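The primary structure of each chain is shown beneath.
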Amino acid sequence: MPSSKFTYALPSGAPSPVVREEHIEYGFIGKLQNLKYEYRADIRDRASLERNFREKFEALNRVRLSDGEFARLLDEIVTPDVFTAARTLRSINAFTREDGTPLNYTLVNIKDWCKNTFEVVNQLRINTDNSHHRYDVLILINGVPCVQIELKTLGINPRRAMEQIVDYKNDPGNGYTKTLLCFLQLFIVTNRGSTYYFANNNARHFSFNADERFLPIYQFADEANNKITQLDEFADKFLVKCTLGQTISRYMVLVASEQKLLMMRPYQVYAVKQIVNCIHQNCGNGYIWHTTGSGKTLTSFKASTLLKDNPDIEKCLFVVDRKDLDRQTREEFNKFQEGCVEENTNTGALVRRLLSDDYADKVIVTTIQKLGLALDENSKRNKQRKKNDQLTYKEQLEPLRDKRIVFIFDECHRSQFGDNHKAIKEFFPKAQLFGFTGTPIFEDNASRVKVEDQQASYQTTVELFQKQLHAYTITHAIEDANVLRFHVDYFKPEGKKPPKPGEGLAKRAVIEAILAKHDIATGQRRFNAILATASINDAIEYHKLFAELQQAKQAADPAFVPLNIACVFSPPAEGDADVKQIQDDLPTEKKDNEVDPEGKKDALKAILASYNTRFGTNHTVSEFDLYYQDVQKRIKDQQWPNADHPHAQKIDITIVVDMLLTGFDSKYLNTLYVDKNLKHHGLIQAFSRTNRVLNGTKPYGNILDFRQQRDAVDAAIALFSGEKSAEQAREIWLVDKPPVVIKKLEDAVQKLDAYMKSQGLNCTPSAVINLKGDAAKTVFIECFKEVQRLKTQLDQYTDLTAEHKRAIEQILPRENLQGFRGAYLDTAQRLKSQQAQQGKDADASAVIADQLDFEFVLFASDVIDYDYIMGLISRFSQQTPGKQKMSREQLIGLIAADAKFMNERDDIAAYISKLKAGEGLSEKAIHDGYTRFKAEKVAQELATIARKHGLATAALQSFVDGILERMIFDGEQLSDLMAPLELGWKARTQAELALMADLLPLLIKRAQGRDISGLSAYEQ
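Residues numbered from 1 in each chain as written. Predicted model: local features only at pLDDT ≥ 70, side-chain atom pairs only at ≥ 80, totals over all residues. Heavy atoms only, no water.

Participant: Give a description of the packing of aromatic side chains that names residues and reports values.
Facilitator: Where two aromatic rings form a pair, the distance of their centres and the angle of their planes describe that pair. All told, the structure shown has 33 aromatic pairs when counted by the stated rule. Centroid distance phenylalanine 234 to phenylalanine 238: 4.8 Å. Interplanar angle 20°. Geometry classified as stacked. With phenylalanine 234 and phenylalanine 238 both in helix α7 (residues 231-238) and four residues apart, the pair spans about one turn of that helix. Here phenylalanine 234 and phenylalanine 238 have matching classes, each one buried. A ring pair is formed by tryptophan 289 and phenylalanine 442, whose centres lie 5.7 Å apart and whose planes are at 65°; its orientation type is edge-to-face. Residue tryptophan 289 is found in strand β13 (residues 286-290), and its partner phenylalanine 442 is found in the loop between β17 (432-437) and β18 (449-452); the two are separated by 153 residues along the sequence. Judged by relative accessible area, which is 22%, phenylalanine 442 ranks as partly exposed. Taken together, the ring pairs in this structure connect Tyr197, Tyr218, Phe220, Phe234 and Phe238 into an aromatic cluster. Directly above the ring of tyrosine 542 sits lysine 507, whose terminal nitrogen or CZ lies 5.7 Å from the centroid. The side chain of lysine 553 reaches across the aromatic face of phenylalanine 560, ending 5.3 Å from its centre. (Phe/Tyr/Trp six-rings, centres within 6.5 Å; stacked < 30°, edge-to-face > 60°. Helix = DSSP H or I, 4+ residues; strand = E, 2+ residues; numbered from the N terminus. Buried < 20%, exposed > 50% of the residue type's maximum accessible area, 1.4 Å probe, protein only. Lys NZ or Arg CZ within 6 Å of the ring centre and 35° of its normal.)

Participant: Explain the sheet that holds strand β4 (residues 118-127) residue by residue, including any values.
Facilitator: As summarised here, the arrangement of the six strands in space is β1-β4-β5-β6-β7-β8, forming an open sheet in which the pairing is mixed. Looking at which strands have only one partner, the edges of the open sheet turn out to be β1 (38-39) and β8 (195-199). As paired strands, β4 and strand β5 (residues 132-141) are joined by nine bridges and run antiparallel to one another. Paired with arginine 125 across the strands is arginine 134, a residue of β5. (Pairing = 2+ DSSP bridges.)

Participant: Describe the nonpolar core, listing the residues and the values that go with them.
Facilitator: With 103 residues, the main nonpolar core has Phe407, Phe687 and Trp733 as its most contacted residues. Membership of the second largest hydrophobic core comes to 79 residues, among which are Ile43, Leu151, Leu181 and Cys182. (Core = buried A, V, L, I, M, F, W, Y, C linked by side-chain atoms within 4.5 Å.)

Participant: Help me get a handle on the sheet that holds strand β14 (residues 315-320), residues and values and all.
Facilitator: The six strands lie next to each other as β15-β14-β16-β17-β13-β20, forming an open sheet whose pairing is parallel. Edge positions in the sheet fall to β15 (363-367) and β20 (468-472), since each of these pairs with one other strand and no more. Ignoring which end each strand starts from, the neighbouring axes of this sheet average 15° apart. Note: β13 against β17, four bridges, orientation parallel. Within β17, the residue paired with tryptophan 289 across the bridge is threonine 437. Contacting β14 and β15, helix α12 (residues 347-355) crosses the sheet at an angle of about 155° to β15. In the packing of helix α13 (residues 368-375) onto the sheet, contacts are made with β14, β15 and β16 (405-409), and the angle to β15 comes to roughly 90°. (Axes fitted to C-alpha atoms, helices over the stretch in contact; angles between N-to-C directions. Contact = heavy atoms within 4.5 Å.)

Written out as structure tokens, the structure is:
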């Protein structure tokens, strides 16, 4: 197939284009040509794309296919399932030819991606039965479309551009599901100044919904984490042919258990490259400083799998220092690749796997304790083996002594400083050791002292691992929005002298403060918390006091809903190997359990009994690990709405001593209450439990410190600030103080006020509806979204004084805020509806709303759920007219201001309007009445639609019920519904479209935010 030999330029004599996208496109294709991509001006449609693919396929696999064989090949490989396509792209596949002979083939050169052909096409049009799309720029690797670049004009939010791609993918019969475009691995979005990229995925991992959960969008960066966002520079670094080939083949991970594609972030790639190069050159040990929450497990997994294919390496051991981390890491590794690592139940199994030649045993996840036991001649097991005239584990491992073995240590700041580490180095002299840590040990935070020749010195991470290979600090991660900042409230009791730094308050005072602040800190229990205590005895006392104080509070105030409190600390080991392993990194608990172990055990039994009663479980101290796993699961279960998973089954606060303060991750844990002295890496690790990114409802990690540890916090920030000064790091790590955010809120409200006045309107919620035109409404959306974002931030501040609260109320009275929220949701819903209707080729003047990035998640309250609303309506009906605490209008306003009721608020409002104050209806009566009201309303709507389209009401009702029951739209059932009309093909098609235009809003509303498969074919 001929192709252009010249740099792509504007056609001669062409008028100067109006759309800036064209300028970017012409320049970009020229850039790719400079990078030795071949420009294919002739590939503009599906047929030419497939012809080119066929040529490349036949050349790579040295075969000539008949037309029938090629058609069958396309039929076999083209799939709507992104994960299946991604696996096919990376695999050797099988195909049966017409004569019955097998053909093993690959789509690209998977052994050496650099040896593939790299081509660029633009303005490719794919027309299918139901969709007509045009793609700006595509990169073909061996004829397979692997990368799509969408070129945008300045000002479009990258999330909005991603949402547009999602919209394309949701079109029925689109090119992504019906053609070779199913093999797309990467999307790149750019306006030339800002460039972002993200992985392709199936819909469940690739959607924008009310919770705003979607895979991350990346910006490229160099090794020092300097962002590379300008398109030409990005192309020079990211789109070099071999680099792109490596990115797709090596640095994307196919997560089998979740059927999703995962991109590695730039810093993860650099870390893996450094380890691999270090091993390739056999140049000693090293450590990776990647902050907590930056995805160290994925980085180490990828390093391990790349080493698996290195014939010079005998084994790769990923070493953790606790049994619970061993389990977590194995689960993570096996999530990335099914069956990647097996469970090592004991030291004997570990030794067998170390000696195994099986490829599956090349990568092993184990605890350092098991490894230490194998190498310790004086261990109980080795002594017993000697007694039985068996080879000790150490003797069995002798053949490995001179082999090249790679050890990767997770969180290498912990127990690797002990004797086990020394034993490993002595027994495996040719081993290379690599450590991952979020908080390295420097001289300032070293505690273990190494003594040599009577000279004592601190033992640091550098001493242990020789050199730092790559750094990605918490400062980098916060700047990149990969983790959140911290809000630290140093609690001072009112009217009393604050304690000295490090001193604790009375436990009763701490609990009273927590009960007063917990709902604020956790966004009205949307999130949960950990209470870190100084000793096991303190944890026991706290658990008992919480029960007493909450009982008293509930007796005084029946409306108070008690917090679900759990408590977890390790029991006395008493020879239990599992507990011993767990305690190796729990210094306080290990020491505490040496004093009155029976008393500690009895207390833990009482705590377990309370837990079993609350949650209907049956845990025992003898199976402590199962209890510990259950606690972790319930903390993570906070992610499920109360409607799906009752609050009674969740944990609000977990009381801990050492446990859960390292290595535990949950996006729905946002608060740490501190009643223990923390410093250096221990402080950073504990704080970092709270700062996993979720969405706009979680603006920061919340720390409520009861020990006045400001100096310790400042020292820890200074120590782990990376290249920034301590003062710069403080500004990055810590959120603004309340007065600063209150001033920002005031400025945002003033900006909204000035805008409304510029439109000749008062700044009131009722005036928003009078804004003329989409452009004006768009500005209101942007202005008020910022107001709400700042209000959400302030709502979770635990250190607001009465004066702060008065100032906030004065700037934005509660009633006004609620009214504006309702106006925002109403306006946003209308604009979003328009956005969905605007095609890619719509005239620029008609797409004013197209650049808008809506954030509905900021406008949904966890407190105000369906049951809460029904309770309020019930109380409204029981109040004497004229003496209501909440008027009918206020009740309707509350519902209108919450995003959860966007599709139902008109119905609820209509129902409330029918009720009379003083009717005295119970909540059940309200529920039942509303259910009947909705059913009658839907029946009336369906009867009207049925009459309009000449259908039997019962048949239409059955058709709609069938769709909602299965959440699947079935075209054949629609044909059956229309059959009695006896229409010709053309007339029936028009009649179906007319009917679905009327049914669509009703179906979407009744689906309540859930997707109905196949329905998008009728969404215009």
